[in-house]
There are 2 protein chains.
Amino acid sequence: MTRPVSIKNVAERAKVSVGTVSNFLNRPEALSPATRERVREAVEALGFVRNESARHLRAGRSRTVGLVVLDIANPFFTDVARGVEDAASEAGLSVIFCNSDGDPAKEGRYLEILAEQRVRGVLIVPADGDHERIGALRDRGVPVVLLDRRAARSGQCSVSVGDVGGGRMAVEHLLGLGHSRVAFVGSGEARQVADRLRGAQDAVVATGPGGAALKVIETPTLNVAGGRSAGLELAATPRSGRPTAVFCVNDLVALGVLQALTQEGIDVPGDVAIVGYDDIDFASAAAVPLSSVRQPRQQLGRAGAQLLVEEAEDPDHRHRRVVFSPELVVRASSAPAARRRRQVASSAI
Amino acid sequence: MTRPVSIKNVAERAKVSVGTVSNFLNRPEALSPATRERVREAVEALGFVRNESARHLRAGRSRTVGLVVLDIANPFFTDVARGVEDAASEAGLSVIFCNSDGDPAKEGRYLEILAEQRVRGVLIVPADGDHERIGALRDRGVPVVLLDRRAARSGQCSVSVGDVGGGRMAVEHLLGLGHSRVAFVGSGEARQVADRLRGAQDAVVATGPGGAALKVIETPTLNVAGGRSAGLELAATPRSGRPTAVFCVNDLVALGVLQALTQEGIDVPGDVAIVGYDDIDFASAAAVPLSSVRQPRQQLGRAGAQLLVEEAEDPDHRHRRVVFSPELVVRASSAPAARRRRQVASSAI
DNA sequence: CTGCTGGGGTGGATCGTTTCAGCCTTCTGG
DNA sequence: CCAGAAGGCTGAAACGATCCACCCCAGCAG
C-alpha cells in the first residue's frame, strides 16, 4: 500500500542521478562496478519495478502486440494463439489476447483499445469483409497481419492455409468413396467458410453433369451446438434424399453433427460419412474418430507473429502472403471404399 | 506512417488549449456547444486516438487486468477466461491473457510483465505452492485474486470449486456402482490435483478396512497425451489386478485414458469405468460419452473478476473466499448399477 | 455603476522514464 | 607538463495526457 517506487527513489537511495539508474537498467556494463553494486542494492531493497507505461511513452512504441481471434473456445484458435505467444515472447513482446466472437462491433472495440495501447502491431483473424477499422490502423502506421485469411491486396501481410484446396480435398475424398449426395455444413461471412465451400463445389462440379450434388446446410453458429442443430435437420430428412456424406466447415460443427446423428440412430459412417476441418485434438477422441483436414495451427500463429515483428522492425519490409497447405487425415468417420460401395449397391435395390 | 497525432495537434487545429481538448475527451458536457463541435471536428479530421500510456502514467493506474492460467489449450480455462473477460469489459477493463503452462518460472516472468504494466489487478490460477512473487505483487498494492484455488490465509480473495468434495463425489459414485479397485489418474503440484485426490481417498477410506482400494497412476502431463500414456499403463496391467474404475483429474486426461483403453481392446465401461473432471463440452462428444464432475467455469471467472474489481475500487474491501459446488454428471462411461453388478458377479466366478 | 457569481477556457506542473549534451577526473602520449 | 581522449556520471528536456489554480467576461442584483 506504500507509494509506488520510482527510479527517483532508487537514485536517492543509491546516491546517484536518475540517469545513472536508467543506465543501470538498460546498459549496466556502462557503470563502474562500485556504482553498479550500489544501484543494484537500492533496486533490490526498494523492490523497484520499471513502469512500462512511462518507458513506452518516452520510447513512442510499446512492447506488446494484439491478437484478435474469432472464438477463444475453439481449440483451433488456442493453438494458433500458442504459436503467436511463443514467437512473440522470443522477440521480447507480450501479447494482448482478444476474442471478437465473430462480431464486427466487438472486433472494432478491441481494435480501438489496441490502438489506444499503441501496440507494436496486430494479428487478426477478421470477423467479416468490412475492414475499415483495420485500414485505419494501418494508415496510422500500425502493422497488421491477417491470420487464416489471405490478404486481398498486397498492402499487408497474411498467413493462411489454402482453404479452397482443403475443401476440395475433403470432398474429393468423399466422392472417391462413392458418395454422390454430399452436404456442406457451415455458415457465416468469414472467408474461410466461403473458400472451403468453393473447394467443395469445385470437386463436385468436376464430376460433370449428372454427377454428384452438393447441398448446403446452414448452422446458427460454428460450434458444437450449431453442428448439433444441423445434424438434427439432416436426420429429419427422409433417407432417400438424405446426403450420405457431410463435409463440415470445422471440427466443432462436425462433432455436433456426429452427436446428433448418433443420437437419432443414424450410423456414422455406415449411413452418413463425416469429414471435419482443423483436426483439433478432440477430433481423434470423438465417438467415431473424425476424419479431418489438418491445418498447421501453431505454425500459422508463429509465422504470423514473425511477419509482424519483421514488418515492425524492418523499414523496407515487403509484404508477404504465406500460404500453408492443409492435409487430409482419414479416420473412421469416413468409411473405407470397400464398405461404402457395398452400401451404395444395397441401397440401390 | 505520419507522426502520431497528439492532443496538442488537435488543440492547434481546433484553436483551443490542450486542457480544453482533454475536457472534451473526459467531460464533454463542460464545453460550450460551439467549442465542442470544433474539437470534435479536429479529432475526426486528424484521426486522433488517445494514448493510453500517457493517460495511465498520469493517472497512476491502468485500465487492464492480468489473467494467468495453467493451460490455454484446456477448454476449462478458456471458459474461465471468457467469464473473466465478460465481467472485466463490463467494468471497462481489458484483459491481458497469459499462459503459464504450469511452469513457475514462466508464471514468474508473466507476473513481472504484469507488474511492469502496472495492471489494476491480477487473476491467477497458480502453478504451484511457492507464491513469493504473488506475495510481492500484493505487497506492492496490486490486488490478486486466486482462481480455482482456495486462499490459504484470509489475506486475499479467491474463487474456487470444492475440489475435495468433487473428488469424493466422483469416487462415491464409482463405489456405489460396485467397484472396489479404483484408480486415480493425475499428477503435479497443483492444489486442485491434491484436493481431488484427497476427496477420492476420503471416499475410499469411508468404505472401512477390507473395503475398496485406491491406486494412483501418475501422468507425465495433464492433457490428452498424458491420459493416453496412463491408459496404456493401465491396459498393460494384468486383468486380475487392474482397477475396474478410473477417476481422472480432468477431462483431457480422461479422454486420453479412454482412447488408449479402447485402442487396446478394453471396453469402457464394461471392463473399466471412467469419470472425468470439469465437464468440458467435449466430454459428452467422446467415443463413450464421459461422466464428469461439472464446474461452473464461466461463473468462476466472472466472480473472480468481480471480486478483483471490488478490491481495486473499494478501499475498505474485505477479502472473501467464494466456493462453488461441483456437480456430478453421469454418462455412459460409468456403467449403470445394474450392469456393473452383473459384471462383478461374472468376474468373481 | 459596482461588485459578485459562475460558466468557459487557459497554461503550466506533473506522472516516470529515456536520452543526450556536457561536466569532471583520470589516464596517455608527446 | 600539457593537450586530448575516454570513462563515468549529472541534470534537464521530452514524451502525451490530466489536473488545477487562475483568468476573463457576461449577466445580474443592489
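Not measured: the values here are computed from a predicted model.

Visitor: Help me out: how do you make sense of the overall build of chain A in this one?
Guide: Each helix and strand in chain A was counted, giving 13 helices and 12 strands. The C-alpha radius of gyration of chain A comes to 26 Å, more than 25% above the 20 Å expected for a compact globule of 349 residues. Counting only C-alpha atoms and orienting by the principal axes, one finds that chain A spans roughly 95 × 40 × 30 Å. Residue pairs in contact within chain A that sit at least 24 positions apart in sequence constitute 71% of those at least 6 positions apart. By element, 51% of the accessible surface of chain A is carried by carbon and sulfur atoms, the whole surface being about 15,000 Å². The positive charge centre, built from 44 side chains, and the negative charge centre, built from 41, are 3 Å apart in chain A.

Visitor: What should I look at first to understand the layout of surface pockets in this one?
Guide: One way to see where empty space is left: roll a probe the size of a water molecule over the atoms. In this structure, the largest pocket occupies an estimated 1,300 Å³ of space. For the lining of the largest pocket, the elements supplying multiple residues, two or more each, are helix 4 (52-59), helix 7 (132-139) and helix 12 (297-313) of chain A together with helix 2 (18-26) and helix 4 (52-59) of chain B. It is helix 2 of chain B that contributes the most residues to the lining of the largest pocket, three residues altogether. Among the residues making up the lining of the largest pocket, the classes are represented as 16 nonpolar, 12 polar and 10 charged.

Visitor: Whenever I open this one, the protein's contact with DNA strand C confuses me. Can you help?
Guide: Not every one of the 23 residues close to DNA strand C is listed here, only the nearest: Ile-7 and Arg-58 of chain A together with Ser-17, Thr-20 and Thr-35 of chain B. Protein-proximal atoms of DNA strand C, defined as those within 4 Å of the protein, fall in sugar or phosphate at a share of 70%. For DNA strand C, a phosphate oxygen lies 3.4 Å from a polar atom in the side chain of Arg-50 of chain A. A distance of 2.5 Å is found between a phosphate oxygen of DNA strand C and a side-chain nitrogen or oxygen belonging to Thr-20 of chain B. If you list the elements that add at least two residues to the surface near DNA strand C, you get helix 2 (18-26) and helix 4 of chain A together with helix 2 and helix 4 of chain B. Looking at the surface near DNA strand C, its residues break down into eight nonpolar, 10 polar and five charged.

Visitor: Which parts of the structure should I look at to understand the domain arrangement of chain A?
Guide: Think of interface size as the accessible area that goes away when the parts come together; that is how it is often given. Segmenting chain A into domains produces domain 1 (7-50), domain 2 (62-161 + 297-325) and domain 3 (163-295 + 329-348). For domain 1 of chain A versus domain 2 of chain A, the distance between C-alpha centres works out to 37 Å.

Visitor: Explain the relation of the copies chain B and chain A here, please?
Guide: Put simply, the two copies of the chain differ by a rotation about an axis and a shift along that axis. Overlay of chain B on chain A (RMSD 0.1 Å): rotation 180°, translation along the axis 0.1 Å. The transformation relating the two chain copies, once decomposed into turn and shift, fits a two-fold axis. When each C-alpha of chain B is compared by its distance to the rotation axis, Ala-287 of chain B comes out closest, at 1.4 Å. In this assembly, 100% of the residues forming the interface of chain B have copies in chain A that are likewise at the interface, indicating an isologous arrangement.

Visitor: Just to check I follow, could you spell out helix 1 (residues 7-14) of chain A for this structure?
Guide: A turn of α-helix holds 3.6 residues, and therefore any two residues three or four places apart point the same way. All names here are of chain A. For helix 1, every residue scored as buried is listed here: Val-10, Ala-11 and Ala-14. Across the axial projection of helix 1, the buried residues extend over an arc of 100°, all falling on one side. Opposite the buried face of helix 1, at more than 90 degrees from it, the exposed residues are Lys-8 and Glu-12. Among the structural elements, helix 2 and helix 3 (33-46) are those in contact with the buried residues of helix 1. Backbone geometry just downstream of helix 1 places Lys-15 in the positive-phi region, at approximately 55°.

Visitor: Teacher, can you tell me more about the pattern of salt bridges here?
Guide: Pairing between side chains of opposite charge can happen when the charged atoms of each approach one another. Applying the stated criterion across every chain, the model contains 39 salt bridges over all chains. Put simply, Arg-55 of chain A and Glu-52 of chain A hold a salt bridge, and the shortest N to O gap is 3.8 Å. Of the two residues, Arg-55 of chain A and Glu-52 of chain A both sit in helix 4, three residues apart, roughly one turn of that helix. A residue is classified by how much of its surface remains accessible, and Glu-52 of chain A, at 8% relative accessible area, is buried. Three or more residues joined by partner-sharing salt bridges are found here, namely Asp-71, Asp-101 and Lys-106 of chain A together with Arg-82 of chain B.

Visitor: Where do I start with the interface of chain B and chain A in this structure?
Guide: Each side of the interface is counted separately: chain B has 46 residues, and chain A has 46 residues. Note on chain B versus chain A: buried area summed over both sides is about 4,100 Å², and carbon and sulfur give 51% of it. Connecting chain B to chain A are four salt bridges. For the salt bridge of Asp-71 of chain A with Arg-82 of chain B, the shortest nitrogen-to-oxygen distance reads 3.6 Å. Scanning the region where chain B abuts chain A turns up 14 residue pairs in polar contact (both at pLDDT 80 or more). For the side of chain B that touches chain A, the secondary-structure elements that each account for two or more residues are helix 4, helix 5 (75-90), strand 2 (94-99), helix 6 (104-116) and helix 11 (251-263) of chain B. It is helix 5 of chain B that provides the largest number of residues to the side of chain B that touches chain A, a total of six residues. Considering only residue class, the side of chain B that touches chain A consists of 22 nonpolar, 12 polar and 12 charged.

Visitor: Looking at this structure, how should I read the packing of aromatic side chains?
Guide: Two measures describe an aromatic ring pair: the distance that separates the ring centres and the angle between the ring planes. Under the definition given, this model contains eight aromatic pairs over all chains. Note on Phe-76 of chain B and Phe-77 of chain B: the rings are 5.1 Å apart at their centroids and 75° apart in plane angle, and the pair reads as edge-to-face. Phe-77 of chain B shares its class with Phe-76 of chain B; the two are buried. Ring pairing ties together the aromatic residues Phe-184, Phe-247 and Tyr-277 of chain A, which thus form one cluster. Directly above the ring of Tyr-277 of chain A sits Arg-196 of chain A, whose terminal nitrogen or CZ lies 3.8 Å from the centroid.

Visitor: Explanation requested: the sheet that holds strand 12 (residues 327-329) of chain A in the structure shown.
Guide: Sheet strands pair via backbone hydrogen bonds, and the direction of the pair is either parallel or antiparallel. Residue and element names in this part refer to chain A. Reading across from one edge, 7-6-8-9-10-12 is the order of the six strands in this open sheet, with mixed pairing throughout. Each end of this open sheet is capped by a strand with a single partner; those strands are strand 7 (213-217) and strand 12. Strand after strand, the sheet turns through a mean of 20° between neighbouring axes, direction not considered. Bridging between strand 10 (residues 291-294) and strand 12 involves three bridges; their strand directions are antiparallel. Paired with Arg-294 across the strands is Glu-327, a residue of strand 12. Sitting on the sheet, helix 8 (residues 163-176) is in contact with strand 6 (181-185), strand 8 (245-248), strand 9 (273-278), strand 10 and strand 12, with an inclination near 160° to strand 9.

Visitor: Just to check I follow, could you spell out helix 5 (residues 75-90) of chain A for this structure?
Guide: Residue and element names in this part refer to chain A. For helix 5, spanning 16 residues, the distance from its first C-alpha to its last is 23 Å, which sits close to the expected 22 Å at 1.5 Å a residue. Most of helix 5 sits out of view: 13 of its 16 residues are buried. Backbone geometry just after helix 5 places Gly-92 at a positive phi near 75°.

Visitor: Looking at this model, I keep getting lost on the packing of helix 6 of chain B against helix 7 (residues 132-139) of chain B. Mind explaining?
Guide: Two measures define how a pair of helices packs: the angle their axes make with one another and the distance between the axes. Residues and elements named next belong to chain B. Taken N-terminus to C-terminus, the directions of helix 6 and helix 7 make an angle of 10°; their axes are 10 Å apart at the nearest point. Here helix 7 runs roughly parallel to helix 6, going by the angle between their axes. The crossing of helix 6 and helix 7 is left-handed. Facing Glu-107, Gly-108, Leu-111, Glu-112 and Ala-115 of helix 6, the residues of helix 7 in contact are Arg-133, Ile-134 and Leu-137.

Visitor: Help me out: how do you make sense of the protein's contact with DNA strand D in this one?
Guide: Around DNA strand D, the structure places 23 residues, and the nearest of them are Ser-17, Thr-20 and Thr-35 of chain A together with Ile-7 and Arg-58 of chain B. At a separation of 2.3 Å, a phosphate oxygen of DNA strand D approaches a polar backbone atom of Ile-7 of chain B. The separation between a base oxygen of DNA strand D and a polar side-chain atom of Arg-58 of chain B is 2.4 Å. Those elements giving two or more residues to the surface near DNA strand D turn out to be helix 2 and helix 4 of chain A together with helix 2 and helix 4 of chain B. In terms of residue count, the dominant contributor to the surface near DNA strand D is helix 4 of chain B (four residues). Tallied by class, the residues present in the surface near DNA strand D amount to eight nonpolar, 10 polar and five charged.

The rules behind these values
Residues numbered from 1 in each chain as written. Chains lettered and ligands numbered in written order. Predicted model: local features only at pLDDT ≥ 70, side-chain atom pairs only at ≥ 80, totals over all residues. Heavy atoms only, no water. Helix = DSSP H or I, 4+ residues; strand = E, 2+ residues; numbered from the N terminus. Rg over C-alpha atoms; globule rule 2.2 N^0.38 Å. Contact = heavy atoms within 4.5 Å. Areas by Shrake-Rupley, 256 points an atom, 1.4 Å probe, with all protein chains shown as cover. Lys, Arg positive; Asp, Glu negative; His and termini not counted. Charge placed at Lys NZ, Arg CZ, Asp CG, Glu CD. 1 Å grid on protein atoms, 1.4 Å probe; cavity = no way out; pocket = protein on both sides within 12 Å on 5 of 7 lines; lining within 4 Å. Points joined across faces, edges and corners; volume = space filled by probe spheres on them. Nonpolar A, V, L, I, M, F, W, Y, C, P; charged D, E, K, R; others polar. Near = heavy atom within 4 Å. Polar contact = N/O pair within 3.5 Å; in protein donor to acceptor, adjacent residues only side chain to side chain. Domains from an automatic or database assignment. Least-squares fit on C-alpha atoms with pLDDT ≥ 70 in both. Buried < 20%, exposed > 50% of the residue type's maximum accessible area, 1.4 Å probe, protein only. Arc of directions from axis to C-beta. Salt bridge = Lys/Arg side-chain N within 4 Å of Asp/Glu carboxyl O. Buried area = accessible area lost by both parts, 1.4 Å probe. Phe/Tyr/Trp six-rings, centres within 6.5 Å; stacked < 30°, edge-to-face > 60°. Lys NZ or Arg CZ within 6 Å of the ring centre and 35° of its normal. Pairing = 2+ DSSP bridges. Axes fitted to C-alpha atoms, helices over the stretch in contact; angles between N-to-C directions. Expected span 1.5 Å × (residues − 1). Parallel < 35°, antiparallel > 145°, perpendicular 65-115°, else oblique. Left-handed = near helix turned anticlockwise from the far one by under 90°.

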